[in-house]
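# Structural characterization, general
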Amino acid sequence: GETWYFFGSPATFGAMVGVYSSKELEINGEVVIADIPGLLFVAYQGMFAVITPALMTGCFADRFRFKPYLLFIALWLIFVYAPWCHWVWGG
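Thresholds, definitions, all that
- Residues numbered from 1 in each chain as written.
- Predicted model: local features only at pLDDT ≥ 70, side-chain atom pairs only at ≥ 80, totals over all residues.
- Heavy atoms only, no water.
- Helix = DSSP H or I, 4+ residues; strand = E, 2+ residues; numbered from the N terminus.
- Buried < 20%, exposed > 50% of the residue type's maximum accessible area, 1.4 Å probe, protein only.
- Contact = heavy atoms within 4.5 Å.
- Areas by Shrake-Rupley, 256 points an atom, 1.4 Å probe, with all protein chains shown as cover.
- Expected span 1.5 Å × (residues − 1).
- Phe/Tyr/Trp six-rings, centres within 6.5 Å; stacked < 30°, edge-to-face > 60°.
- Core = buried A, V, L, I, M, F, W, Y, C linked by side-chain atoms within 4.5 Å.

### Quick word on the overall build of the chain
Of the regular secondary structure elements, the chain holds three helices and three strands. Its helices and strands in sequence order give the chain the pattern α-β-β-β-α-α, from N to C terminus. Scored against the burial criterion, the 91 residues of the chain give a buried share of 27%. Taking all contacts inside the chain whose residues are at least 6 apart in sequence as the whole, residues at least 24 apart take part in 35%. As presented, the chain carries roughly 6,300 Å² of accessible surface, and 68% of it is formed by carbon and sulfur atoms.

### Quick notes on helix α2 (residues 38–56)
Helix length check: α2, at 19 residues, gives a terminal C-alpha distance of 28 Å against a target of 27 Å (1.5 Å per residue), a fit within 8%. Turning to α2, its buried residues are G38, F41, V42, Q45, G46, A49 and P53.

### Remarks on the packing of aromatic side chains
Centre-to-centre distance and the angle between the planes together describe a pair of aromatic rings. Scanning the model with the defined rule gives three aromatic pairs in all. A centroid spacing of 5.3 Å and a plane angle of 90° characterise the contact between Y44 and F48, whose relative ring orientation is edge-to-face. Taken together, the positions of Y44 and F48, both in helix α2 and four residues apart, correspond to about one turn of that helix. Residues W76 and Y81 carry aromatic rings whose centres are separated by 5.8 Å and whose planes lie at 35° to one another, so their mutual orientation is tilted.

### Quick look at the environment of F64
Note on placement: F64 falls in the loop between α2 and α3 (66–90). If sequence neighbours within four positions are ignored, F64 has contacts with Y69 and F72.

### Here we look at the nonpolar core
In this structure, W4, V42, A49, W76, L77, Y81 and C85 together form the largest nonpolar core, which totals seven residues. Listing elements by their share of this core, those giving two or more residues are α2 and α3. No other element matches the four residues that α3 contributes to this core. Non-local contacts of W76, meaning those with residues more than four positions away in its chain, are made with T52, P53, M56 and Y81.

Laid out in structure tokens, this is it:
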């Protein structure tokens, strides 16, 4: 969760204002959705960032130890998922 919050969402959506408060979220100076707080938006997008590696788990279940698996998820999130989402949604 922290990996997405601190590294993934800024890499995906660019400069964000209002993430740490209940203000409306601004990305690159534009309000995303006026009625949704920034923290809720980041948490909602984080659900997709978390479920995607969980879907991959089925193909290599019981083949990884837990700590290397967590490292794989964190690195995959930063170097694969965030850039891909940036191409699609971020800009």
